[in-house]
Every structure is written in structure tokens, then in C-alpha cells.
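A structural walkthrough
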Amino acid sequence: VALIEADKVGGTCLHRGCIPTKALLHAGEIADSTRHASEFGVNAQLHGIDMNAVNSYKEGVISKLYKGLQGLVKSRNVTFIEGHGHLVGQNAIEVNGVRYTGKNIVLGTGSYPRTLPGLEIDGHRVMTSDHALNLNYVPNSAIVLGGGVIGCEFASVWKSFGADVTIIEALPRLVALEDESSSKQLERAFRKRGIKFEVGTRFQSAQVTNNGVTVTLENGAQFSADVLLVSVGRGPVTDNIGYQEQGLTMERGYLIVDEKCRTNVPGIFAVGDIIPTLQLAHVGFAEGIMVAEEIAGLNPRPINYDGIPRVTYSDPEVASVGLTTAAAKERGYDVVELSYDLAGNGKANILKTSGSVKLVAQKDGPVLGIHMVGARVGELLAEAQLIFNWEADASDVAQLIHAHPTLSEAVGEAHLALAG
């Protein structure tokens, strides 16, 4: 195996995505815990945020994982080639003027932060998540354009660090891909935290001034702040790499593949953010394993994308697996729902978090979706995805005993209630 990489092994997730953002979110959680320490009888004071120290902690986490990844590649005797690859044939890639041929080619060139027409990204006043991750100061105020996962996570971090934050989202609600009930709870929690948001109105223009940025929406409303974070999603890195020239089928910049990630050209596979599946690191990881097994002749089972766990790591977290109520009804299921409020959970009270566990199920049938909001609920997805992927009925889960006091009891209680 030859592995070609233009930047660093680990890609977006390790260097500019999941890992650094979660490190910042954890620092933000500690800031909030310190701010509210007296509520727990602990005398502590928050003297401010030292962004150089926060970044040093973040880089330490990245560096350790990066070293481990490099060691893994080496220990598996993978030929590592640093450089920008170009697909030059059905079985050939050219890097640094050298042509490499292989029986199979796996394309996984990742994604870049998208922007909008009329938005000039300068990395100073108007920035993408790539720039925001490396700021050595906390802005006094910030506008976040886009209320999806990335936007909500950065809004959460900056608020925890002490910034005044406003989110602008064209769709009718924050984290619009989640169940509507989860969006409403997140919005309620953000309002309580003082994170402002404007939904259902499209962006029109941005004006950079000497001391900040002013954003104008299509309805005429204006917002001003020190910085503007553009988080309107990520696009596939597929231009100028030879994909079109080699006749690969594409749509809107994405490579089109079958259920085994095979492109229309024999021997060429594509995985991760360059195909129109969920843009999540664990999805690309699973697709990579499936492709490796397919190449090895093991005939792996195709991925059920409904069964992939999803988390927004804001405060509170939003976590889900399976279908939303709307999607289940759209597919023709006779749907029953149950929502268990975390107010009845002992551990949630200890953590002073609010939220819920919502179940979407087929009437007299399996659980079709689990949607959770609250502190640390991302950790509950391990059980939730087993329930969904093993097609369990509420009564199957109801008889399982959950440790007390844990947040996981809320999952148990929800299934007990749904099972009657």
C-alpha cells in the first residue's frame, strides 16, 4: 500500500476539525465550571482565558495523536509519499513527477470550508473554522454565519470563553438536520446561556470596517461584531486532481459511488467527504474499512447510514442515531414517540444539566431513532446505536438494568415508559 498525502496524516479531523474543536470545547467547559463553581460549594474564580496556553494544550493533544498515527503507518509497512497526487490513469497517480500504479485506487481527498458569494475571507475579520482554531485571542464579539454543527460548536466555545455571540442561520432552526425537538431544546439552552441567534433569514452582505464586521440580512436586519465566522458547511476537494479527466461520474463536485464505495471506473473507490454521505470522521473511517475488506475479497456488508451516531459537542450536547420523527413518517412508518425529561434523572441533577431522551419507534415494532440533548449525552450513543442497529423493541431494552446514578438510566427509563 502507498499512502499519498499533501499535508499531514490525519487530515481535517485531527488537525483542523474534530480533535482541536473538542479540545477548545473542553477548555470552555472548564471555564464554565469555574464560573459556576460556587453553585457546588467550591470557592473558585475565573481570572480569564490564556489563549496561548489553551492552544498549547490543544496542540499537545494533536501532536500525541499525530505521532501515534505516523507510527501506525510505519509499523504497517505502508509506503508514505508526501505530495499532491494527481489521478493520471485508471490505475495510476502522479506525485512530485513520479508515477505510481496500483491494482486499486482509493480516493479520500477530504473537504474544505465553504463560503458564500460576496464574502471575502481574509482570515482576520472574516474567517473560516481553519482560522478560528488558531486564534491567539478571544474576540469580544462574534457573528457565526451558519447554525449547523460547526457553527453551534464555535458559538458555544466563544461564549464559554466570554465572547458575545450571535448565530445567523438561513434555515428555520439551529442544527436543522436533527429532530425538531432537539433543535428547540438547544435553542432554549443557548438563549439561557445568552447566545443570540437569528433563524429563517438569509445572508445578504458583509462589510469589513476598521474595528469589525457588519452583516446585513435579506430582511434588512444588521449585526456588527469584531469577527465573522463563516461556517456554512464543507465542500469536497475534487477539482484539479484529474477526477473529471479520468471520466469519474460526479455531481455538484461529489464523486458518485455505489453501496460499496465503488466509482463508475473499475478499481477506483472513493470515501469520506468527497462522496455525498455524512461528512463525519467516523463515517470516512468506516468507509475505509469497508473498501479495504472489499479489495481483500471479504465481501463486507454495506454501511447503513441511518445507523451512524451523530453528535454536536456544544453545551448542551445534541446526540442522535436513526430516523427523526419527520423522516420516519416520510418513509411510511406508523410512528409512536416518547420523550423522557432529564429532570427525572439523578445524575443529570448532580451535573445541573437539562434536556431529554426522545424515542421514535414503529408502533408495536423496533426503535427507529434516539435523540438526546444534555451534558455528556454523546457518551450515551454507544448503547443507542446498538438499540437501533440491532432493531430492538422498547420491551427488549426495558428489561436491561442500568447503573444508578448514571445518565444512561435515562435511556433505560425512556424504553421502560415506551414499553408501558
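Coordinates for the structure precede this section.
Some points on the packing of aromatic side chains
Counted according to the given criterion, the structure contains one aromatic pair. Seen in terms of ring centroids, phenylalanine 154 and tryptophan 158 are 5.8 Å apart; in terms of plane orientation they differ by 55 degrees. Their pairing is tilted. Linking phenylalanine 154 with tryptophan 158, this pair stays in helix 5 (residues 149-160), spanning four residues, or about one helical turn. One Lys or Arg, lysine 352, reaches over the ring of phenylalanine 40 and ends 5.9 Å from the middle of that ring.

Examining the environment of valine 126
Note that valine 126 resides in strand 8 (residues 126-127). Owing to a relative accessible area of 1%, valine 126 belongs among the buried residues under this scheme. Those residues in contact with valine 126, other than ones at most four positions away along the chain, are Leu119, Glu120, Ile121, Val208, Val213, Leu228 and Val230.

Let's talk about the nonpolar core
Counting residues in hydrophobic clusters, the biggest one holds 30 residues, and the most contacted among them are Trp158, Ile167 and Phe190. Looking at this core, the elements with two or more residues in it are helix 2 (18-35), helix 3 (51-75), strand 9 (141-145), helix 5, strand 10 (164-169), helix 6 (180-193) and strand 15 (227-230). The element that contributes the greatest number of residues to this core is helix 5, accounting for five residues. With residues near it in sequence (within four places) discarded, tryptophan 158 still touches Met127, Ala132, Leu135, Pro139, Ala142, Val144, Ala163, Val165, Val227 and Leu229. Among the nonpolar cores identified, the runner-up in size contains 24 residues, and Ala348, Val397, Ala410 and Val411 belong to it.

Let's talk about the pattern of salt bridges
Should the charged atoms of two oppositely charged side chains come close, the side chains can pair. One pass over the structure, following the stated rule, counts 14 salt bridges. Between lysine 22 and glutamate 153 there is a salt bridge, with the nearest N and O atoms lying 2.9 Å from each other. Remark: glutamate 153 occurs in helix 5 and lysine 22 occurs in helix 2; sequence separation between them is 131 residues. On the basis of relative accessibility, which here comes to 25%, the residue lysine 22 falls in the partly exposed class. Salt-bridge contacts for glutamate 218 lead to arginine 202; the nearest nitrogen and oxygen are separated by 4.0 Å.

Points about the environment of isoleucine 308
Position of isoleucine 308 among the secondary structure elements: in the loop between helix 7 (281-295) and strand 20 (310-312). Under the relative-accessibility criterion, isoleucine 308 is labelled buried at 8%. Leave out the neighbours within four places in its chain, and isoleucine 308 touches Leu278, Leu280, His282, Val283, Ile303, Ser320 and Val321.

Observations regarding the sheet that holds strand 10
With respect to topology, five strands assemble into an open sheet ordered 8-15-9-10-11, the strand pairing being parallel. On the outer flanks of this sheet lie strand 8 and strand 11 (196-199), each paired with one strand and no other. As defined by bridge partners, strand 9 adjoins strand 15 across four bridges and the pair is classed as parallel. Paired with leucine 145 across the strands is valine 230, a residue of strand 15. Across the face of the sheet, helix 5 comes into contact with strand 8, strand 9, strand 10 and strand 15 while running at roughly 170 degrees to strand 10.

Considering the pairing of strand 21 (residues 317-322)
Strand residues, when the strand is regular, have side chains that alternate between the two faces of the sheet. Across the six residues that make up strand 21, a large majority, six, are buried. Between strand 20 and strand 21, which pair antiparallel in sequence order, lie four residues. Of the strand pairs in this sheet, strand 21 and strand 24 (residues 367-374) are connected by six bridges, and their pairing is antiparallel. By the bridge assignment, valine 318 is partnered in strand 24 with valine 373.

Considerations on the packing of helix 2 against helix 3
Closest axis-to-axis distance for the helix 2/helix 3 pair is 9 Å, and the angle between their directions is 140 degrees. One finds that helix 2 runs oblique with respect to helix 3. When you trace helix 2 past helix 3, the crossing you get is right-handed. Contact with helix 2, carried on its side by Ile19, Pro20, Ala23, Leu24, His26 and Ala27, involves Met51, Val54, Asn55, Tyr57, Lys58, Val61, Ile62 and Leu65 of helix 3 and no other residues of that element. Residue composition of the contact of helix 2 with helix 3, grouped by class: 11 nonpolar, two polar and one charged.

Quick notes on the side chain of threonine 325
The topology assignment puts threonine 325 in helix 8 (residues 325-330). Taking relative accessible area as the criterion, threonine 325 reaches 9% and is therefore assigned buried. Among the polar contacts listed, one links the side chain of threonine 325 to the side chain of lysine 358, at a separation of 2.8 Å.

Brief notes about unusual backbone geometry
Residue aspartate 315 is joined to proline 316 through a cis peptide bond whose omega torsion reads 5 degrees. With respect to the element layout, proline 316 can be found in the loop between strand 20 and strand 21. Residue proline 405 follows histidine 404 across a cis peptide bond; omega there is -5 degrees. Following the sequence through the fold, proline 405 ends up in the loop between helix 11 (394-398) and helix 12 (408-418).

Parameters and conventions
- Residues numbered from 1 in each chain as written.
- Predicted model: local features only at pLDDT ≥ 70, side-chain atom pairs only at ≥ 80, totals over all residues.
- Heavy atoms only, no water.
- Phe/Tyr/Trp six-rings, centres within 6.5 Å; stacked < 30°, edge-to-face > 60°.
- Helix = DSSP H or I, 4+ residues; strand = E, 2+ residues; numbered from the N terminus.
- Lys NZ or Arg CZ within 6 Å of the ring centre and 35° of its normal.
- Buried < 20%, exposed > 50% of the residue type's maximum accessible area, 1.4 Å probe, protein only.
- Contact = heavy atoms within 4.5 Å.
- Core = buried A, V, L, I, M, F, W, Y, C linked by side-chain atoms within 4.5 Å.
- Salt bridge = Lys/Arg side-chain N within 4 Å of Asp/Glu carboxyl O.
- Pairing = 2+ DSSP bridges.
- Axes fitted to C-alpha atoms, helices over the stretch in contact; angles between N-to-C directions.
- Parallel < 35°, antiparallel > 145°, perpendicular 65-115°, else oblique.
- Left-handed = near helix turned anticlockwise from the far one by under 90°.
- Nonpolar A, V, L, I, M, F, W, Y, C, P; charged D, E, K, R; others polar.
- Polar contact = N/O pair within 3.5 Å; in protein donor to acceptor, adjacent residues only side chain to side chain.

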